[in-house]
Amino acid sequence: SYIAAFVVRFVHEGEAFRRRLTFSAIFISAIPFLLYIGLVLSIFHPRLHDENHLWTPVVLYTFVIVTMAFVSFLRDRQLAGFYLVFVGAMLFVLSD
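The structure reproduced in this document is the subject of the present report. All values reported here derive from a predicted model rather than from experimental measurement. (Residues numbered from 1 in each chain as written. Predicted model: local features only at pLDDT ≥ 70, side-chain atom pairs only at ≥ 80, totals over all residues. Heavy atoms only, no water.)

### Overview of the overall build of the protein chain
Here is step 1 of the chain: Regarding its fold elements, the protein chain presents five helices and zero strands.
Here is step 2 of the chain: Counting only contacts in the protein chain whose residues sit at least 6 apart along the sequence, the fraction spanning at least 24 positions is 56%.
Here is step 3 of the chain: Carbon and sulfur atoms make up 72% of the accessible area of the protein chain, which totals about 6600 Å². (Helix = DSSP H or I, 4+ residues; strand = E, 2+ residues; numbered from the N terminus. Contact = heavy atoms within 4.5 Å. Areas by Shrake-Rupley, 256 points an atom, 1.4 Å probe, with all protein chains shown as cover.)

This is how it looks when you write it as structure tokens:
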């Protein structure tokens, strides 16, 4: 639901939102999140290697929760509550 709200906001805010979130800015911002996904999956891979039926759900869940944190990071930092949302998303990712 958070990703849907982000997309709706992206559509409504138009050009100013698109200027702030260029492809290169999004790509560079994604690097730490992608590294975190790689770290988590490399830690879990030996444990899930024998149980292949668990590997797919773990990968999907990891991508979903890290994507949520990444989308919270892409929010406008000038908005009230930006840091609360981002820190909350990061704490959720780290707790899972």
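### Some words on the nonpolar core
Here is step 1 of the chain: Ranked by size, the top nonpolar core spans 16 residues in total, and within it F33, V66, A69, F70 and V93 carry the most contacts.
Here is step 2 of the chain: Those residues within four positions of F70 in sequence are excluded, and the remaining contacts are I26, S29, A30 and F33. (Core = buried A, V, L, I, M, F, W, Y, C linked by side-chain atoms within 4.5 Å. Buried < 20%, exposed > 50% of the residue type's maximum accessible area, 1.4 Å probe, protein only.)

### A word on the packing of aromatic side chains
Here is step 1 of the chain: Applying the stated criterion to the full structure yields six aromatic pairs.
Here is step 2 of the chain: In this structure an aromatic cluster arises from ring pairing among F33, F70, F73, F82, Y83 and F86. (Phe/Tyr/Trp six-rings, centres within 6.5 Å; stacked < 30°, edge-to-face > 60°.)

### Digging into a nonpolar patch on the surface
Here is step 1 of the chain: Residues F23, F27, I28, I31 and L35 make up a contiguous nonpolar surface patch of about 590 Å² in total accessible area.
Here is step 2 of the chain: Its place among the elements puts F23 in helix α3 (residues 23-48). (Patch = residues over 30% accessible without salt bridge, like charges linked within 9 Å, V, L, I, M, F, W, Y side chains within 5 Å. Salt bridge = Lys/Arg side-chain N within 4 Å of Asp/Glu carboxyl O.)

### Focus: the side chain of S29
Here is step 1 of the chain: Looking at the secondary structure, you find S29 in helix α3.
Here is step 2 of the chain: Look at S29 and you get buried, because its relative accessible area is 19%.
Here is step 3 of the chain: If we ignore the near neighbours within four places in the chain, the residues touching S29 are F70, F73 and L74.

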